[in-house]
Amino acid sequence: MSVDDRLAKLERRLAAMDLINGSGQASGSAPQGGWALRRLHEEFANADQPNGGVMFAGSGSLPSAEPFDWQVQFSTDDLVGYNWDDAAECLAALGSPVRLRILREIVLGSRTAAELTDLDEVGSSGQIYHHLRQLAATGWLHTVGDNRFEVPPNRVVPLLVALATARR
């Protein structure tokens, strides 16, 4: 690797940590969430993952009062090497405004198809069941008890992360 390549790589890493601005000058501000990034760097270094990775974690309660605590991490190599085609169906399930509305209502506490039919703009009961089946088939929902639906505990944080990444 040339000196110019090494310098450019170092500048990208420093910019990602918000230690320099786009012109290569020191920004003078501490990175937001610095403790998490430092810990993540340590985790991946200790795991001999030189290309780093990502971590998703969350802890709290949904508006329906269900608590959630969840964390997962992936190496960059694992994610880049993953067959991204396999993710298409799962991500496509979130690509429908009606399915997102259904998920939101379930997170807020509406749990049965009958409760969902009372909502405006989600369609007929047949259409609602179609959306519920698609969300369940891709792991965003499962049934509990008397035909009640919920977001599985291991999918709450990924759902919230997906929503957070869509914010601009």
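Residues numbered from 1 in each chain as written. Predicted model: local features only at pLDDT ≥ 70, side-chain atom pairs only at ≥ 80, totals over all residues. Heavy atoms only, no water.

*Asks:* How would you explain the nonpolar core if you had to name every residue and give the values?
*Replies:* Formed by 22 residues in total, the largest nonpolar core has its most connected members in Leu-103, Ile-106, Leu-132, Leu-141 and Val-151. Listing elements by their share of this core, those giving two or more residues are helix 5 (97-108), helix 6 (113-117), helix 7 (125-137) and helix 8 (153-166). A total of 4 residues in this core trace back to one element, the largest contributor, which is helix 5. Other than its neighbours up to four places away in sequence, Val-151 contacts Leu-103, Ile-106, Val-107, Trp-140, Leu-141, Val-156 and Leu-159. (Core = buried A, V, L, I, M, F, W, Y, C linked by side-chain atoms within 4.5 Å. Buried < 20%, exposed > 50% of the residue type's maximum accessible area, 1.4 Å probe, protein only. Helix = DSSP H or I, 4+ residues; strand = E, 2+ residues; numbered from the N terminus. Contact = heavy atoms within 4.5 Å.)

*Asks:* Which residues make up the side chain of Ser-75, and what are the values?
*Replies:* Along the chain, Ser-75 falls in strand 2 (residues 67-75). On the basis of relative accessible area, Ser-75 is assigned to the buried category, the value being 12%. Within the structure, Ser-75 has its side chain in polar contact with the backbone nitrogen of Asp-78 (distance 2.9 Å). In this structure, Ser-75 is in contact with Phe-44, Gln-49, Gly-52 and Gly-53, ignoring residues within four places of it in sequence. (Polar contact = N/O pair within 3.5 Å; in protein donor to acceptor, adjacent residues only side chain to side chain.)

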